[in-house]
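Understanding the architecture of this molecule
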Amino acid sequence: MNCFVLGCVFNTTIVILSACGLLLMGTAIYMVEWFPQYGAEQDITAFTIVTIVVGAVTLAAGLSMCAAVCTKHRCMLYVISLSSIGIFCFQLGAFLWLATQSQTERIAMLSTESYEDQPKYFDKLQLDFECCGIDKPSDWTSSSWGKKNIGEVPGSCCNTPTPVKSCSLTSDIVFSGGCQRPLFHYMETMYNIIVAALLVTCVFQFSAIFVSCCVARVYKDDTYDRLTD
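Residues numbered from 1 in each chain as written. Predicted model: local features only at pLDDT ≥ 70, side-chain atom pairs only at ≥ 80, totals over all residues. Heavy atoms only, no water.

**Let's talk about the overall build of the protein chain**
- When you go through the protein chain residue by residue, the secondary structure sums to eight helices and two strands.
- For the protein chain, the succession of helices and strands along the chain, N to C, is α-α-α-α-α-α-β-β-α-α.
- Counting every position in the protein chain, which comprises 229 residues, the buried fraction comes to 41%.
- Sequence-distant contacts in the protein chain: of pairs separated by 6 or more residues, those separated by 24 or more amount to 74%.
- Working note: accessible area of the protein chain is about 11900 Å², and carbon and sulfur atoms make up 62% of it. (Helix = DSSP H or I, 4+ residues; strand = E, 2+ residues; numbered from the N terminus. Buried < 20%, exposed > 50% of the residue type's maximum accessible area, 1.4 Å probe, protein only. Contact = heavy atoms within 4.5 Å. Areas by Shrake-Rupley, 256 points an atom, 1.4 Å probe, with all protein chains shown as cover.)

Written out as structure tokens, the structure is:
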């Protein structure tokens with residue numbers, strides 16, 4: 001393989017693996033910090049832990065390849081090539097497992113009954129997503145809060161320039177859509193980002209198995225310097 005082409009492939013693999021590692025860790029950490037803001041119970045611990053571990057391993061693989069090419073360490077390149085086989089299997093297994101998870105089923109259904117106990121969570125959800133109720137604004141009529149405030153919805157349902165305590169359910173300023181669909185859609189988007197990043201990671205980790213060996217052989221032939229010229 002031409003040294004210039006080999007160098008480009010090797011450097012691209014380093015950049016992609018490092019970027020995917022950071023993306024996986026960043027997205028998982030963001031999910032852990034973001035979702036509890038809305039007070040909905042969740043069971044995504046295993047998902048986020050696996051994602052963070054895969055991201056850390058991927059980032060380490062990218063950085064180790066960078067260290068090997070900077071130090072021109074032939075043995076390290078062979079070690080990276082061998083370890084890439086195990087890393088690839090781990091990443092592929094994680095990808096297949098995460099891709100088959102139905103994450104919306106892991107998120108407990110939202111309930112207006114929790115509003116009186118922890119109103120700040122539901123208020124934040126309705127304000128951030130400009131929504132009202134679970135599926136529709138009238139969901140509030142069957143809640144304990146709605147039975148005490150007949151014909152009203154919480155102020156966070158109302159599209160007003162200044163905060164209000166509540167407004168009429170039939171008012172034109174009430175957000176028309178429910179909160180469950182946009183929340184789940186937002187959650188699924190983040191899961192899709194993770195799964196897509198894992199797929200890209202698997203492809204480039206697989207290429208790292210062969211590229212590292214090729215670079216090590218070039219180094220053995222005393223032509224390694226041309227990769228970085």
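**Observations concerning the side chain of S18**
- Considering the arrangement of structural elements, one finds S18 in helix 1 (residues 3-34).
- A relative accessible area of 13% means that S18 is categorised as buried.

**A closer look at the state of the cysteines**
- One pass over the full model with this rule turns up three disulfides.
- For C131, the disulfide goes to C179, at an S-S distance of 2.0 Å. Residues C131 and C179 share a disulfide whose torsion about the S-S bond is about 95°; that sign makes it right-handed. Placement of the pair is C131 in the loop between helix 5 (119-129) and helix 6 (144-148) and C179 in the loop between strand 2 (166-168) and helix 7 (180-220), with a sequence separation of 48 residues. The pair C131 / C179 is uniform in exposure class, with both members buried.
- Each disulfide pairs two cysteine sulfurs, and for C132 the partner residue is C157, the sulfurs being separated by 2.2 Å. Measuring handedness by torsion sign, the sulfur bridge of C132 and C157 sits at about 90° and is right-handed. With a gap of 25 residues between them, C132 in the loop between helix 5 and helix 6 and C157 in the loop between strand 1 (152-154) and strand 2 connect regions that are remote in the sequence. (Disulfide = S-S within 2.5 Å.)

**Observations regarding unusual backbone geometry**
- Unlike most non-glycine residues, E130 shows phi in positive territory, near 50°.
- Along the chain, E130 turns up in the loop between helix 5 and helix 6.
- For E130, a relative accessible area of 54% corresponds to the exposed category.

**Things to note about the nonpolar core**
- Core analysis: the biggest nonpolar cluster contains 36 residues, and M31, C132, W140, V153, M187, I194 and L198 have the highest contact counts within it.
- Those elements that place two or more of their residues in this core are helix 1, helix 2 (45-71), helix 3 (74-99), helix 5 and helix 7.
- A per-element tally of this core places helix 7 first, with eleven residues. (Core = buried A, V, L, I, M, F, W, Y, C linked by side-chain atoms within 4.5 Å.)

**Notes on helix 5**
- F122, L125 and Q126 are the residues of helix 5 that are buried. The buried residues of helix 5 occupy an angular sector of 90° when the element is viewed end-on, so they sit on one face.
- Immediately downstream of helix 5, the backbone of E130 shows phi near 50°, a positive value. (Arc of directions from axis to C-beta.)

**A few points about the packing of aromatic side chains**
- Evaluated as defined, the whole model comprises five aromatic pairs.
- Arranged with centres 5.1 Å apart and planes meeting at 50°, the rings of F88 and F206 form a pair that is tilted. Here F88, found in helix 3, pairs with F206, found in helix 7; they are 118 residues apart in sequence, far enough to count as distant.
- Here F88 falls in the buried class, since its relative accessible area comes to 17%.
- Its relative accessible area of 40% is what places F206 among the partly exposed residues.
- Look at F129 and Y186: their rings are 5.9 Å apart centre to centre, the planes differ by 80°, and that puts the pair in the edge-to-face class. Taken as a pair, F129 in helix 5 and Y186 in helix 7 lie far apart in primary sequence, 57 residues in all.
- Y186 gets classed as partly exposed once you look at its relative accessible area, which sits at 31%.
- Aromatic rings pair up to connect F88, F206 and F210 into one cluster. (Phe/Tyr/Trp six-rings, centres within 6.5 Å; stacked < 30°, edge-to-face > 60°.)

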